[in-house]
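Summary of the model geometry
Read off the chains here:
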Amino acid sequence: MMMIIKKMIFILLVLVSGNQLVAQKYFTKKGEVSFFSHAPMEDIKAVSNTGSSVLDAANGKLQWAVLIKSFAFTKALMQEHFNENYMESTQFPKAKFTGTIDNMTAIDLKKDGEYNAQVSGVLEIHGKEKKIATNAKFLVAKGKIIATSVFKVYLADYGIEIPSVVKDKIAKEVEISIKSNYELLDKM
Amino acid sequence: MRKKSFLVISILLLILLFIGYNMYNKEVDKVADLKTDQKVEAKTLLTEFESDELAANKLYLDKTIEVSGMVTKVEENEGITSVYLASEEGLSAVICQMEEAVNVAVGSEIVVKGVCSGYLMDVIMVRCIIL
C-alpha cells in the first residue's frame, strides 16, 4: 500500500513539474541580430531577422543562434568581404550563445512590466568561444514579450583578423544589438 | 605631345575611378537576377539538413535554390514576411524570409526562390521571392 501511494505521489509530481516545464519555455525564430561598427570611411552595419532562441523561464537557461550568411548588407562587396575574409562563414556558418539569465527569479514573463536581466554565458563566433556578461531588458505587455540587449565584442577575441592594409580603417570592436519577441512554446 | 598623353592618362584614371566607385557601391543582387543552382522539395531539404548538416551545407549553403512545398504558416514581424514550408512533423520547417510582403494562403503549394543561409532549428532561406 505504502509503495503504491509513494508511486502515485511520484507520478503526480512528475506530471505537475513536467507541465510546468513545458509551460515555461519560450522561443523565437525571428530574432533580430544586428551589428554596427564605426569606421572613418563609412559605418559598417548589417542585420539578420532569422535568429533562433529558446529561453527556459524555470531555470533561466538561454540559447541563441544566428546564421552568419543571413546577415544582409546594402553593399554587395561588404557582404562578400564579411563572409569570405572576416567571418569565413562557409567554415563557421553560425554564431551561438549558451548561457543563463542570472536573476531569472526576479523576472515574471507572465506579468506585465519592464525587467532588467543579467545575462552571462559563452558566446561562440568564428569557431572561437569566449565568456561574456551583459545586460538585457524584458518588456512584457499584454502577453507579448520583447527582449533587447546591446553589447560589444572585440574582433580579436574571436580570432577575426583584419588585413593590415585596412587595419586603421576598421574598428576593433563591434556593437551587437539583439531584439526578439518570445512566444510560449506549447508543442513539445 | 606631353600635353596629349597627360590628357589620355587623366581620362583613363577617371574611368578607372568611376568603375571602382561603382563596384564599391554595387548593391546586393536581387534573387530574381540570380541563376538557380539547385531545385529541391522542402521536405527533402529539411530531411537532408536534419540527417547530415555538413553534407547539406556543402550542397546548399549560400546557393540560390528553388524550394517547392506546402505553405504551413505565414508570419509578419516588423514588416518582414516569413513563409513556412513543410512544417508538419515536429517544430522544424523551411523558413523563407521574403523580399517583400506576399499574399499566399496556408495549404497552397508554392515554389520559392531564395538564398539558403543554413540550418538552426529550421532551414533558413533569405531574400526569397515566389515563382
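Up top you'll find the structure we're talking about.
So, here's what we can say about the structure. (Residues numbered from 1 in each chain as written. Chains lettered and ligands numbered in written order. Predicted model: local features only at pLDDT ≥ 70, side-chain atom pairs only at ≥ 80, totals over all residues. Heavy atoms only, no water.)

Quick word on the nonpolar core
One finds A:Phe35, A:Leu55, A:Phe71, A:Ile101, A:Leu109, A:Phe138 and A:Tyr182 to be the most contacted residues of the largest nonpolar core, which totals 45 residues. Broken down by element, this core gets its largest block of residues, five residues, from strand E5 (residues 113-125) of chain A. Residues in contact with A:Phe35, not counting those within four places in the same chain, are A:Ile44, A:Lys45, A:Ala46, A:Phe71, A:Phe73, A:Phe82, A:Val174, A:Glu175 and A:Ile176. B:Phe49, B:Ala86, B:Ile110 and B:Val123 belong to the second-largest nonpolar core, a separate cluster that totals 24 residues. (Core = buried A, V, L, I, M, F, W, Y, C linked by side-chain atoms within 4.5 Å. Buried < 20%, exposed > 50% of the residue type's maximum accessible area, 1.4 Å probe, protein only. Helix = DSSP H or I, 4+ residues; strand = E, 2+ residues; numbered from the N terminus. Contact = heavy atoms within 4.5 Å.)

Brief notes about the sheet that holds strand E6 (residues 128-141) of chain A
Residue and element names in this part refer to chain A. Spatially, eight strands are ordered E1-E2-E3-E4-E5-E6-E7-E8 in a closed barrel, and the strand pairing comes out antiparallel. On average, each strand axis in the sheet is tilted by 25° relative to the strand beside it, whichever way the strands run. Relative to strand E7 (residues 144-154), E6 runs antiparallel, the two sharing six bridges. Residue pairing across strands places Lys 137 opposite Thr 148, the latter belonging to E7. (Pairing = 2+ DSSP bridges. Axes fitted to C-alpha atoms, helices over the stretch in contact; angles between N-to-C directions.)

Some points on the packing of helix H2 (residues 42-51) of chain B against helix H3 (residues 53-60) of chain B
The packing of two helices is summarised by the inter-axis angle and the distance between the axes. Residue and element names in this part refer to chain B. Relative to each other, H2 and H3 sit at 130°, their axes nearing to 5 Å. If you check the angle between H2 and H3, you find them oblique. On H3, the residues that touch Leu 45, Glu 48, Phe 49 and Ser 51 of H2 are Glu 53, Ala 56, Asn 57, Leu 59 and Tyr 60. (Parallel < 35°, antiparallel > 145°, perpendicular 65-115°, else oblique.)

Brief notes about the pattern of salt bridges
Counting across every chain of the model gives 12 salt bridges over all chains. The salt bridge partner of A:Lys137 is A:Glu114, with a shortest N-O separation of 3.6 Å. In this pair, A:Lys137 is assigned in strand E6 and A:Glu114 in strand E5, connecting sequence segments 23 residues apart. Residue classification places A:Glu114 among the exposed residues on the basis of a relative accessible area of 54%. When the shortest N-O distance is used, the salt bridge between B:Glu66 and B:Lys39 registers 3.9 Å. Pair noted here: B:Glu66 is in strand E2 (residues 64-77) and B:Lys39 is in strand E1 (residues 38-41), with a separation of 27 residues, a long-range link. With relative accessibility at 15%, the residue B:Glu66 sits in the buried group. Salt bridges here are not isolated pairs; linked through shared partners, they connect A:Lys30, A:Glu183, B:Lys73 and B:Glu75. (Salt bridge = Lys/Arg side-chain N within 4 Å of Asp/Glu carboxyl O.)

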